[in-house]
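Breakdown of the fold
Single-letter residue listing:
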Amino acid sequence: MQSHPMPEFGSFCLLLGLILSIYTLAAGALALWGSSANGLRLTGRPQALWNRLGETARRAGIATFICVALAAFALVWAAFTNDFSVEYIREHSNIALNPWYKFAALWSGQEGSLLLWALLLTGYGLVLRVRHRVDVRLTAFASTILAGIQVFFLLLLCVGAPPFSIAPGAVPADGNGLNVLLRYPEMVMHPPLLYLGYVGFSVPFAFALGALMMRYPGEKWIHITRRWTMVTWLFLTCGIFMGAHWAYSVLGWGGYWGWDPVENASLMPWLTGTAFLHSVMMQEKRGMMKNWNVWLIFSTFLLTILGTLLTRSGAVQSVHAFAQSDIGIWFYTFITIAFAVCLFTFFLQRDHLKSDNKLESLVSRESSFLFNNLILLVACFTVLWGTLFPVLSEYVQGDKTTLGAPFYNRVNLPIGLFLLFLTGIGPLLAWRSTSMRSLRRNFILPTVATLAAAIGLMISGIRPWSAGDDMESTFFSLVAFSLAAGVTTGIVEEFLRGARVVKAQTGKNLFASAVLLTRRNTRRYGGYIIHFGVVVIFIGIAGGAFNRSVQSEMSYGDQMNIGPYRLVCQSITQDSTPEYDTDYALLDVYRGNKFIKQLAPERRIYFPGTDHEQPATMVALHETARSDLYVVFDGRDPNTGKPEIRAQLHPLIAWIWIGVVIVVFGTAIALVPNLQRTAVRPEREEGVGATRPATPAVENDGVLVKARHA
Amino acid sequence: MRKAFQFPVANSGSASPGMVFRAKRGAIFWAKSVQSVLLVAIAVTMLGAVHSQYERVGGQLMCACGCGQMLLECNHLGCPDSPGMIRELHAQVASGASDKAILAWFATKYGATVLAAPIRGGFDDVAWIMPFGIFVAAIAGTFVIVWIWKRRQPASTGYPPAEIATNISPHEAALRDRIRRETEY
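Residues numbered from 1 in each chain as written. Chains lettered and ligands numbered in written order. Predicted model: local features only at pLDDT ≥ 70, side-chain atom pairs only at ≥ 80, totals over all residues.

**Notes on the overall build of chain B**
Counting its regular elements, chain B contains seven helices and zero strands. Helices and strands in chain B line up, N terminus first, as α-α-α-α-α-α-α. The buried share of chain B, taken over its 185 residues, is 19%. When contacts within chain B are restricted to residue pairs at least 6 apart in sequence, long-range pairs at least 24 apart make up 34% of them. (Helix = DSSP H or I, 4+ residues; strand = E, 2+ residues; numbered from the N terminus. Buried ≥ 20, exposed ≤ 12 C-beta atoms within 10 Å, placed from the backbone. Contact = placed C-beta atoms within 7 Å.)

Rendered as structure tokens:
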């Protein structure tokens, strides 16, 4: 019998990881029960004994990470050593594959991506368990809950979808290779980022459930998990947009979001996670919305699992079909258990979630957060509804109804614009209640900016009433641009207002004061930068209303005009490489008479002549801040044999990616601890400083120290 | 006490020529505004299509191959369905059939999954109604909840309720203070 040392080692590591996870769950739960008042009374054992048991559970949890990391290493090793005896490697790698993509083979299929999920989950668990001194008992609860999730994924990997299955029969000389659509640098980054986001929500979920189980006093658990949640949210945001950019650059259909069930699955937890990040501020600040917050984070976690269930069980049709299989029953079972645990804990402890305060006014920061949350949840419901409706309609009517982009765009655009509107007004409202005077003072400039932008845009030609069939999209664009102007004005106004106060205190110039202001309250002003990033993203999305497309057959010397560009065909070439046959055109791009660059749209057919022949489009792009020129080699006309070239002009699309960078920057700022003033200097406190004239800026810097928050 | 606004009377002996002019100008302004709004509404309602019927209808159809892409955006090499469907779409448009008739023809031939958005009526309408229903219910519900909470609010004591709550530990109060400082400048 042939031996397979590395696959066997990987399988052993997974099995050991599963055993350790079960131990972490069982011993952790027992230790928590034993060390509680009831446990101590009933067992009569000393507290130290239970603590020791809890410590073994924590260490077992840490060891689980090592086991899963070794298993992942074994799979990557198998990919690099071309071990095609492993079925997974045979399906997702081949000898000629670039080493980066061999590494990416780890998450390019069902079993590997589940292994990546388990690896990240145990990785997060490792950080949580190592940092247990933040709050030993709460961390012990969270660690035990996380161990429960680990047990599910490791059980799945050991039984339902083992990544180290040995293929029956003779070992082939070469593998099938990676899906050609995934051979793109962004694809090396996109799935891990998305998974970091997905899996990361398990940590705030575990803390929330743990805090509820142990009736954790106060809101400190939110403070502990704030950074976890923000980092997770950031990963998910980056993962989603990196996927969107990949779809735009690789798939060749000219869009970046197709409302595919897999895309929807990643958007849903992002929406509820965003709602959670906003509503926890109400709990932190005013002790409100405790029930709501707990259910938001429960829902976010459950949606990450539901998304996985939907896209892997085959329940809904998806273009991401490479990850479908019959493991749905595992996820149905897990999601049912998880939901039951959440529901049971909630009903058992719901008296602990009584709010300290209630909303006092409709015109307040709290109510804007509430509206923001509701709208985000409505958006989430819409996406879920659209994803599940085909299944529902098949059940009710006997045939499936498709809900494609036209449905989602029509339903979600008004919701998105309302969110943008709330993004603008929320920060301008005061906590508890906003006076009319304050409303007038804060809203006059943004309102003027919104109206001025709307009028200016209509004068410059964005007129829905003359857009014919594009009336709806032009109208939404007009509203989006106008709101963007208003929201940006509101954000700038907020910065300026604060900066002026700092300027008066420190004597620094306005820009330095704005920087200092941001450093003093990174969370608030980082949040404003994130809002600005969202505004920029909306501008990029709104530009889509003015997309243009031209398609024609081209041969040497033919020209094509689109927007300000003129494309002149220089050559059409066919070529072959060991991996693919290719057809590409060389097109000179002119703006007026000025040569801009040469584009080479390409059409490849990988593994020609084999039974797994796969086509791929290599889009040629000329990107500017104003618009993208997007050129695709659409194939050859079967009758004339001439190549068909499709050129599209996408105005403002680059702003979507720029907006994401701003969001990342804002989130990074919000994660940085605040600079805080030390106690005011004695001479100042005594009033000596007050008699001084302007204090030099350098001197003022001396009163700032870096303070780390819990 | 604020004075109620009164329109100046043109033939009143007390009205100055300036007031009369301003009143007339105001009336003209409002008349023109209403006229403009009506014109915009009529233009929005009446203006014809700029897109061709081919693009319009093609934008409401999915490729039948299961790729999940819109028919006119499907760019699969060797796609078994989209080239034929596009030819059929051209033929249908050339026959002079209405948008609705073309969509119905495709739905009959390829099944309802070929329609990018549900338009058949009946249970399909639920797809459209639910999101907007939830949206309206959420907004209305929030207003109602806030209104109820506001009515139940005890008379103001001049102190924030959180600060008069007795079940908050000193540590927690300190933490809240710090959070308050963090979230306000």
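**Focus: the pairing of strand β6 (residues 602-606) of chain A**
Residues in a regular strand project their side chains so that they alternate between the two faces of the sheet. Residues and elements named next belong to chain A. The buried count for β6 comes to four of five residues, which makes it a mostly enclosed element. Looking at chain direction, strand β4 (residues 580-591) and β6 are connected through five bridges and run antiparallel. Along β6, the bridge assignment pairs Tyr-584 with Glu-602. (Pairing = 2+ DSSP bridges.)

**Concerning the nonpolar core**
All names here are of chain A. Counting 214 residues, the largest nonpolar core has Leu-115, Ala-118, Phe-153, Ala-208, Ile-375 and Phe-538 as its most contacted members. Counting residues per element, this core draws most heavily on helix α10 (residues 220-251), at 17 residues. Not counting residues up to four positions away in its chain, the partners in contact with Phe-153 are Leu-114, Trp-117, Ala-118 and Leu-121. Listed in part, the 18 residues of the second largest apolar core include Tyr-565, Leu-587, Ala-620 and Tyr-630. (Core = buried A, V, L, I, M, F, W, Y, C linked by C-beta atoms within 7 Å.)

**Let's talk about the sheet that holds strand β9 (residues 627-636) of chain A**
Whenever strands of a sheet pair, they do so through backbone hydrogen bonds, lying parallel or antiparallel. All names here are of chain A. Strand order in the open sheet made by the four strands is β1-β10-β9-β8, with antiparallel pairing throughout. Edge strands, defined here as strands with exactly one partner in the open sheet, are β1 (548-553) and β8 (620-623). Ignoring strand direction, the axes of neighbouring strands in this sheet form an average angle of 15°. Of the strand pairs in this sheet, β1 and strand β10 (residues 643-651) are connected by six bridges, and their pairing is antiparallel. (Axes fitted to C-alpha atoms, helices over the stretch in contact; angles between N-to-C directions.)

**Side note on the packing of helix α9 (residues 202-213) of chain A against α10(A)**
All names here are of chain A. Contact pair α9 / α10: the axes reach a minimum separation of 9 Å and the direction vectors enclose 170°. As judged from the angle between their axes, α9 and α10 are roughly antiparallel. On α10, the residues that touch Val-203, Pro-204, Phe-207, Ala-208 and Ala-211 of α9 are Trp-221, Ile-224, Thr-225, Trp-228 and Thr-229. Considered class by class, the residues forming the contact of α9 with α10 number eight nonpolar, two polar and no charged. (Parallel < 35°, antiparallel > 145°, perpendicular 65-115°, else oblique. Nonpolar A, V, L, I, M, F, W, Y, C, P; charged D, E, K, R; others polar.)

**Some details on the confidence of the model for chain A**
Close reading of the predicted structure is inappropriate where its pLDDT is low. All names here are of chain A. For chain A, per-residue confidence averages 85 on the pLDDT scale, and 92% of positions sit at 70 or higher. Confidence, expressed as mean pLDDT per element, reaches its minimum in chain A at helix α23 (residues 697-701) with 34 and its maximum at helix α20 (residues 654-671) with 95. Confidence drops under pLDDT 50 across residues 679-710; counting only partners more than four residues distant or on other chains, this segment forms 30 contacts. (pLDDT = per-residue confidence, 0-100.)

**Looking at the environment of Gly39(A)**
All names here are of chain A. As for its placement among the helices and strands, Gly-39 is situated in helix α2 (residues 37-43). Between the C-alpha atom of Gly-39 and that of Trp-50, which follows or precedes it by 11 residues, the distance is 9.5 Å. Non-local contacts of Gly-39, meaning those with residues more than four positions away in its chain, are made with Trp-33, Gly-34 and Trp-50.

**Considerations on the pairing of β8(A)**
All names here are of chain A. Judged from the four bridges that link them, β8 and β9 form a sheet pairing that is antiparallel. Directly across from Glu-623, in β9, lies its bridge partner Asp-628. As consecutive antiparallel partners, β8 and β9 are separated by three residues.

**So, unusual backbone geometry**
Positive phi, normally seen in glycine, also occurs at Arg215(A), with a value near 50°. By the secondary structure assignment, Arg215(A) is in the loop between α9 and α10.

**So, the environment of Thr667(A)**
Residue and element names in this part refer to chain A. Mapped onto the elements, Thr-667 comes out in helix α20. A C-alpha to C-alpha distance of 8.0 Å links Thr-667 and Ile-529, two positions 138 residues apart in sequence. Here Thr-667 is in contact with Met-230, Leu-234, Gly-526 and Ile-530, once residues within four sequence places are set aside.

**Quick notes on helix α14 (residues 365-397) of chain A**
All names here are of chain A. Compared with the 48 Å implied by 1.5 Å per residue over 33 residues, the 45 Å span of α14 between its first and last C-alpha is a close match. Its maximal kink placed at Phe-389, α14 deviates by approximately 45°, while the proline Pro-390 follows within four residues. Gly-398 lies just past α14 and shows a positive phi near 90°. (Expected span 1.5 Å × (residues − 1). Bend = angle between axes of the 7 residues up to and from the residue.)

**Some points on the confidence of the model for chain B**
All names here are of chain B. Confidence in the prediction of chain B, expressed as mean pLDDT, is 67, and 56% of residues score 70 or more. Taken element by element, the predicted model of chain B shows its lowest mean pLDDT in helix α6 (residues 161-164) (44) and its highest in helix α4 (residues 99-110) (86). Below a pLDDT of 50 lies the segment residues 1-14, which in the model reaches nine contacts outside its immediate sequence neighbourhood of four places, other chains included. Scored below 50 in pLDDT, residues 40-50 makes 17 contacts in the model with residues more than four places away or belonging to other chains. Both scores are given for the predicted complex: the pTM is 0.83, the ipTM 0.73.

**With respect to the packing of helix α16 (residues 436-459) of chain A against helix α17 (residues 471-506) of chain A**
Residues and elements named next belong to chain A. Where α16 meets α17, the closest approach of the two axes is 8 Å, and the angle between their N-to-C directions is 150°. Looking at the two axes, α16 sits roughly antiparallel to α17. For the pair α16 and α17, the crossing hand works out as right-handed. For the pair α16 and α17, contact is made by Leu-445, Pro-446, Thr-447, Ala-449, Thr-450, Ala-453, Ala-454 and Leu-457 and by Leu-478, Phe-481, Ser-482, Leu-483, Ala-485, Gly-486, Thr-489, Gly-490 and Glu-493, respectively. (Left-handed = near helix turned anticlockwise from the far one by under 90°.)

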